[in-house]
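# Structural overview
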Amino acid sequence: MTDKESAFDADGFLEDPQDWDVNMARDIALAEGLPELGPDHIKLLEALRRHYLASGELPPMRHVCRDAGLEENCVSDLVADPKRAWRIAGLPNPGEEAKAYLESSEQHPQPGTREKR
Amino acid sequence: MADFETPKLDDITTIPTVKSGTMEHSSPYVAKPVIQEPLGFPGELVDDWENVAVAKLGELSNKYRALRVYLDSCVKCGACTDKCHYYLGTSDPKNMPVARQDLLRKVYRRYYTLAGKWFPKLVGATDMTKEVLDDWYSYYHQCSQCRRCSVFCPYGIDTAEISMAARDIMDAVGKGQKYCNEIIGKVFKIGNNLGLPEPALRDTLEDLEEEVEEECGVPVKFPLDQKGADVLLVTPSADFFAEPHIDGLIGYGKVFHQAGISWTVSSHASEAANFGMFIGSYENMRKVSMRIREAALDLGVKRIVFGECGHAWRVAYSFLNTLAGPFDFLDPKYPVPQHICEVTHDLIQKGVLKFDKSQNDHMVLTYHDSCNVARASRMGSKPGGQFTIPRDIIKTVCNNYVDMAADSIHDATYCCGGGGGLLTDDLMELRVRGAKPRMEAVKQVVDAHGVTNMAAICAICKSQFTKVFPYYGYGMDMIVSVHQLVSNAIIMDGAQDGGDEDRETAEDAPQSA
C-alpha cells in the first residue's frame, strides 16, 4: 500500500473513490486493525459505496445493512465503527459534521482508566 | 493530543479543587483559508492583528449594548465559579465563567476604560498579545455557550455572549475554528451541515418511507420540496442520517400523517442548525436563516415547524423574525415558528393522537433539558412550557418516567458537554470531562430508579451522549429522541399488528450500566 499512501488525506480517507478495490480494502482494514474481511464485510462495503456514489448520500447505517441483506446492526457488528467502515470502503472525507455524526461504537475505556489518543 | 482520564463519577456533584492549566492544551483545529474566505473572514492571521482585534472589540461593545454591560458590570462575587460543567469536569480555573469572561474583559479594560488606559495593573487590564489570543482560542472553545452560569449571576451576565464576541473577533483577525466554519460553508454551498445534496436527501427519505411501511404497514410519506404543503419542516440534517436522530424524524412523519397535516422538507433549507450563532457572526447567522425564508416562500407553505434541535430553536424562537422576517405570508393562526413538540402536544390535547404506552414499557425514561431550549427560548403559551411540554409528551407515550435531580434540570440543566460548536473529535477530552455533572445526575436516577434511557430534543446532545455515555460505562443507545418514543407508541390508522414484532422486547432493552 506504500505507493498509494499519497492518495489518502490526513484523516485517513481515500481521496479518489475510483482508486478503490477489494484488495485495497483489505490493506486499509489491516491498517485499521481489522485483520480479515469476510463476504459480509464486502457486501457491507459495496452497499455503502453504492449509496454514497449514486447521490452523495450519507446513508443511515441501518439502510446500508438492509440494502446489503444483513442484520440491522451490521456496521457495529462487523466493523465496530461507521467512520472506519467509511475509510475501508474507500470513500472520501465526508467533512467535519459527518465525521462528528459517524459515531463510534468502539470499546471505550472504563472510568478511571487512561486513554491513549 | 494528550492522554486523558475519564473522570470518576461522584455520588453528588462536588466542587473540585482548582488545578491551574489542566486544559490549556485543549484547542480545536484552526480553519484554513479555503474555509475562512467563503464566510467573509481573512484566510489567516492578518498583519496588524492586534489593532484589528482591539478595533473589532470596540465595534462589538458599541453595537451590542448587552456585551458592554456584561463587560462593565461584573463585581467578582463568585456566584458563577462552580456553575460551569467544564470547570466541574476539568478543575481548570480558567473554566470558571468569571475567569473566562475576564480573558476578554482585561483587554476591553485596557483599551476602552479610563482606569485601564492609565492604571492597567491596578484594574487587571492587559494589552492584546499573542498569549492573550492563544488563551482566547483555547478557552473560548471550552465554553458551550450553555448559559447555566448566567442563571446564577446576580447581574445576569451572559458568558455565552462574551464567548460569541471573542469568536467573532478571532474570525475577524483570521483565526477561525475549522469545525464550525467548514460547516457554515457547507450550508451555503449545499444547504445543510452534513453536505447532503438534493438527490441524497431524496434517496434517504425514500428508504425511510420503505422502512416505516415495512415496520407498521402504513404508507407514511417523507416528502421533499413539495410545493403547496402546509408545513415546512426544518430539522437538523443529523435527523436524515444518525441514530437515534432518524427515529425522531420517523416520529415527526407519523404525527403529521396521523393528524392529516401535509408537510415537506426543503432541499434548500435542509438544516435547522445555525452555527452562525456559535461563532457570534450576525451576518452568517442571517445568511443561514434566510434560506428558511426563501424555502418557505418558494414552496408556498403556511407554517414553519422546527424539528428536535436545541440551538436551532433558540435562533428560531428568539431571532428568526428579525433575522429573516417578517413572516406575514404564513398562516397567522399558528406560532411562527413552531416546535415539533408544540405540534405534537397540541394534537395530544385535542385528542387527535392515540397511544399504546406499553410499547415503551421496556424503558424507564428520564429527560435531559437541552441548554438552548431551557435557557434561551420557550414553548407553548405558558412560562416554563419548554420544560413541561416535552415531559408531558413523554409521560403521554411512556409509563415509566423519572426526573433527574432538581439542580440538574429545567433552567439549571447541565450541558451535555458538546454544544456551542464543540462537537468535534479534536475536543474529545473536553467533551468527556464536561459531561461529568450530567453523568452524575444520570447515575443517581439509574441507581435509585432503574432508569434505562434518557430522552432529548437536540441533535448535538444526542450525538454527544452517544459518544460519551460509553466512557462512563453506559450504553451508547441509552440516549433516545423524544419523537422516537412517540413513534414507538403512536397508534396509526390502518396499521398492521405484524409490524410490532420487530420492536424491542423487555429482554432486548439497552444495557445501561
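Values in this document were obtained by computation on a predicted structure and should not be read as measured data. (Residues numbered from 1 in each chain as written. Chains lettered and ligands numbered in written order. Predicted model: local features only at pLDDT ≥ 70, side-chain atom pairs only at ≥ 80, totals over all residues. Heavy atoms only, no water.)

Nonpolar side chains collect at one region of the surface, where L114(B), W118(B), F119(B) and L122(B) lie side by side and expose about 580 Å² of accessible area between them. Overall, L122(B) belongs to the exposed group, its relative accessible area being 73%. (Patch = residues over 30% accessible without salt bridge, like charges linked within 9 Å, V, L, I, M, F, W, Y side chains within 5 Å. Areas by Shrake-Rupley, 256 points an atom, 1.4 Å probe, with all protein chains shown as cover. Salt bridge = Lys/Arg side-chain N within 4 Å of Asp/Glu carboxyl O. Buried < 20%, exposed > 50% of the residue type's maximum accessible area, 1.4 Å probe, protein only.)

The next point concerns the nonpolar core. In this structure, Y101(A), F256(B) and F306(B) are the most contacted members of the largest nonpolar core, which totals 162 residues. When we break this core down by domain, the ones giving at least three residues each are domain 1 (33–183) and domain 2 (186–402 + 451–506) of chain B. Apart from the residues within four sequence positions on either side, F256(B) is in contact with V231(B), L233(B), I261(B), W263(B), V305(B), I340(B) and V343(B). Grouped together as the second largest cluster of nonpolar side chains are 41 residues, L60(B), W136(B), Y137(B) and Y139(B) included. (Core = buried A, V, L, I, M, F, W, Y, C linked by side-chain atoms within 4.5 Å. Domains from an automatic or database assignment. Contact = heavy atoms within 4.5 Å.)

This paragraph deals with the packing of helix α11 (residues 198–216) of chain B against helix α12 (residues 245–259) of chain B. All names here are of chain B. At a minimum axis separation of 11 Å, α11 and α12 run at an interaxial angle of 75°. Of the possible angle classes, the one that applies to α11 and α12 is roughly perpendicular. Between α11 and α12, the contacting residues are L205, L208, E211, V212, E215 and C216 on the first element and I246, L249, I250 and K254 on the second. The class makeup of the residues in the contact of α11 with α12 is seven nonpolar, no polar and three charged. (Axes fitted to C-alpha atoms, helices over the stretch in contact; angles between N-to-C directions. Helix = DSSP H or I, 4+ residues; strand = E, 2+ residues; numbered from the N terminus. Parallel < 35°, antiparallel > 145°, perpendicular 65-115°, else oblique. Nonpolar A, V, L, I, M, F, W, Y, C, P; charged D, E, K, R; others polar.)

Residues and elements named next belong to chain B. The sheet built from three strands is open, its strands ordered β6-β7-β8 with parallel pairing. Each of the sheet's edge strands pairs with one partner strand only, and the pair in question is β6 (365–367) and β8 (479–481). Direction aside, neighbouring strands of the sheet carry axes that sit 40° apart on average. Relative to strand β7 (residues 453–456), β6 is paired through three bridges, and the arrangement is parallel. For L365, the partnering residue across the bridge sits in β7 and is N453. Those strands touched by helix α22 (residues 482–489) are β6, β7 and β8, and its axis lies near 70° from that of β8. (Pairing = 2+ DSSP bridges.)

Attention now moves to the state of the cysteines. Residue and element names in this part refer to chain A. Scanning all chains against the criterion turns up one disulfide over all chains. At a sulfur-sulfur separation of 2.2 Å, the disulfide partner of C65 is C74. In this structure the cystine formed by C65 and C74 twists about its S-S bond by roughly -90°; its chirality is therefore left-handed. Since its relative accessible area comes to 0%, C65 is described here as buried. Given a relative accessible area of 3%, C74 falls into the buried group. (Disulfide = S-S within 2.5 Å.)

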